[in-house]
Amino acid sequence: MIEVERLSKQFVVRRGRVRRERVVVKAVREISFNVARGELLGYLGPNGAGKSTTIKMLTGILVPSSGRVSVAGLDPSRRRVELARRIGAMFGQRVQLWWDLPLADSFDLLRHIYRVPADRYRANLARFREVLELDPFLQTPVRQLSLGQRIRGELTAAMLHDPELLFLDEPTIGLDVVAKQRVREFLVDINRERGVTVLLTTHDLGDIERLCTRLLVIDRGTLIWDGGIAELRERYGSERTLVVDLEEPVPPLRIEGAEVERVEGPRQWLRFHGPAADLTARVAQEARLVDLQITEPDIEEIVRRIYSAGN
Amino acid sequence: MVESVVLWRRLVGAQVRAQLQYRVSFALDLTGAFLISFVDFLAVLVIFHNVPTLGTWNVHEVALLYALSTVSFAFTDLLVGHLDLFPQKIRDGNFDILLVRPRSTLYQVIASDFQLRRLGKAIQGTAVFVFALQGLQLHWTAGRVAMLVVTIPTAVVIFASVWVVGSCLSFWTTDGGEFTNAFTYGGTFLAQYPIDILAVWLRRFLAYIVPLAFVAYFPALYVLDKPDPLGLPTALEFAAPLVAVAAALVAGTAWRTAVRHYRSAGG
């Protein structure tokens, strides 16, 4: 479905006020990967890592500086219009609906822009109205919708023309827990029922864990991970943190198999590998324990670790 | 082609409906646009209050130039004037949205942000047109009628092309609005007057580089059966449609080149 080979994008930026200096910024550096039909794939990386730039090259928005891209068998920037009929895209921070028009009118205009056959349009809209519960605000102008409602509208807009492939750039950004859940269910639904290939960028570990089977991680323009999530955790996420609240402040604990990372009054942070039970018992021997908590590394932390391992 | 026009009407119709929901605001906008352009024509009348002719042109002849230029410009403004707002789309990256839809980007820009209130200027231009014709008392030959009928759409294409080329700059500068305005709004201002009163370099610029002399000046020479005070070839009086086609081709090419240089915005 997607083939990417040694894909790069660089921008020339001019810096300085008087003596303008040309600086070449390499946003994406020679990345390669393939995506099969029907995959639900997470694309992850810190801000400015090159996620959006990659998606923009895949959708034909940006022309690559070098390398090869093929999406649904087409070169995105050369055959943009043809490709646009076959893909859907949603950018969490852009609005593709008409600001002053009721949601239903936006859908109707998109139907004509994409030339969706009347029966397909009716069937799709009926389905999405049900799954995303659009009915209460279908006649409301888009500018009056809440963020959650608008995102549901945007998702519908991206799916009305039966795309084979859906690109989502931060679809759950800023949403509350309930709205996030609804969006995730919708994505799983279209992926399973319709076989739509989904590629989504996100900052949200929850999105990745609940949705994706495969993960791409990019950092500073380079692809640093391509594989399953369980594998990723196993390899880089095995180090956890035990947070203990003690009865009174004590000097940093000295315990075998753990390292104190931080001390804040009676609270201490210990990094450790392996089972937590042994460690907890050992801590209890050393000091009087009031409460404890174990934290898993978040995805940003894992990404940092992969990156430092890569260096 | 037909389908594109139908879709354009649908897209623009939806925006017009939304704008007409605020009737009072719309009426004020329309009246404002009319009054501003009305004052603009007063400036011409003030000139002729002090001098009987401008070069070889009398008040009604200049009014004809003014009307041809203004009406064409007003329709251009109505059809593509929202290209003014386009640098904003480039700056905030919302141009991305247009690129993932299966239509030409220029078409989509033109079909969005339509402002019906810009019609006010066309109403004023039409009024000046009536004033000019009533004062000129022309003998209506088929040639004259045809020239006037062809001139307006031709001039709209020329103006629109200049506008599009100007807008292309914002792909590089991300904010070239004011520079573009010098050619569009500034251009109509020049086209409202006979070019033979202008300095030679400016005249050449208008005839050959930014072809605004074909918007009103050359067609008006034919309609008024007036020898060109500059002695330029008579053929130029009929060249406007060709110039329009050439301008449109240049604009199309410039646009496609510019889109390939689009850099989007972060986030």
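Once a new chain begins, its residue numbering starts again from 1 and follows that chain's sequence as written. Throughout, the order in which chains and ligands are written sets their labels, letters from A for the former and numbers from 1 for the latter. A pLDDT threshold of at least 70 governs which residues receive local features in this predicted model, and a stricter bar of 80 or more applies before side-chain atom pairs are shown or counted, although totals over entire chains, interfaces and linings include all residues.

Peer 1: Lay out the packing of helix α3 (residues 103–113) of chain A against helix α5 (residues 147–159) of chain A in plain terms, naming residues and giving numbers.
Peer 2: Residue and element names in this part refer to chain A. A fitted line through C-alpha atoms represents every axis, and for helices the fit uses only the stretch in contact; the resulting angles, taken between N-to-C directions, go from 0 to 180 degrees. In DSSP terms, a helix is any run of H or I states spanning at least four residues, a strand is any run of E spanning at least two, and both are numbered starting from the N terminus. Packing of α3 against α5 brings their axes to within 10 Å, and their N-to-C directions diverge by 15°. With respect to their mutual orientation, α3 and α5 come out roughly parallel. With respect to the hand of their crossing, α3 and α5 are arranged in right-handed fashion. In this structure, α3 uses L103, S106, F107 and L110 to contact α5, whose residues at the interface are G153, T156 and A157. In terms of residue class, the contact of α3 with α5 is made up of four nonpolar, three polar and no charged. Each angle gets one of four labels, with under 35 degrees taken as roughly parallel, over 145 as roughly antiparallel, 65 to 115 as roughly perpendicular, and the rest as oblique. Left-handed describes a crossing whose near helix is turned anticlockwise from the far helix through less than a right angle; right-handed describes the clockwise counterpart. Two residues qualify as being in contact provided that their C-beta atoms, derived from the backbone, are within 7 Å of each other. Residues were grouped as follows: Ala, Val, Leu, Ile, Met, Phe, Trp, Tyr, Cys and Pro as nonpolar; Asp, Glu, Lys and Arg as charged; and all remaining residues, including Gly, as polar.

Peer 1: Mind laying out the interface of chain B and chain A, listing which residues take part and the relevant values?
Peer 2: Contact with chain B, which involves 18 residues of that partner, is made by 25 residues of chain A. Contributing elements (two or more residues each) for the side of chain B that touches chain A: α1 (2–20) and α5 (95–99) of chain B. For the side of chain B that touches chain A, the leading source of residues is α1 of chain B, giving five residues. Taken together, the residues of the side of chain B that touches chain A break down into eight nonpolar, four polar and six charged.

Peer 1: Describe in detail the pairing of strand β6 (residues 165–169) of chain A, supporting the description with residues and values.
Peer 2: When a strand is regular, its side chains alternate between the sheet's two faces. All names here are of chain A. In terms of burial, β6 is a largely internal element, five of the five residues being buried. Neighbour counting defines burial: a residue surrounded by 20 or more other C-beta atoms within 10 Å of its own C-beta is buried, one with 12 or fewer is exposed, and intermediate counts give partly exposed, using backbone-placed C-beta atoms. Every second residue of β6 is oriented toward a common face, with L165, F167 and D169 on one face and L166 and L168 on the other, all of them buried. For two strands to be treated as a pair, DSSP must find at least two bridges joining them. Alignment of strand β5 (residues 87–91) against β6, held across five bridges, turns out to be parallel. In the strand pairing of β6, A89 is matched with F167. Here β6 pairs with strand β7 (residues 197–202) via five bridges, running parallel. Within β7, the residue paired with F167 across the bridge is L199. Convention used here: a crossover is right-handed provided that the path from the first strand, over the helix, to the second strand proceeds clockwise when the strands point away from the viewer. Following the backbone out of β6, through helix α6 (residues 177–194) and into the adjacent parallel β7, one traces a crossover that is right-handed.

Everything listed here is a matter of geometry and, on its own, says nothing about what the molecule does.
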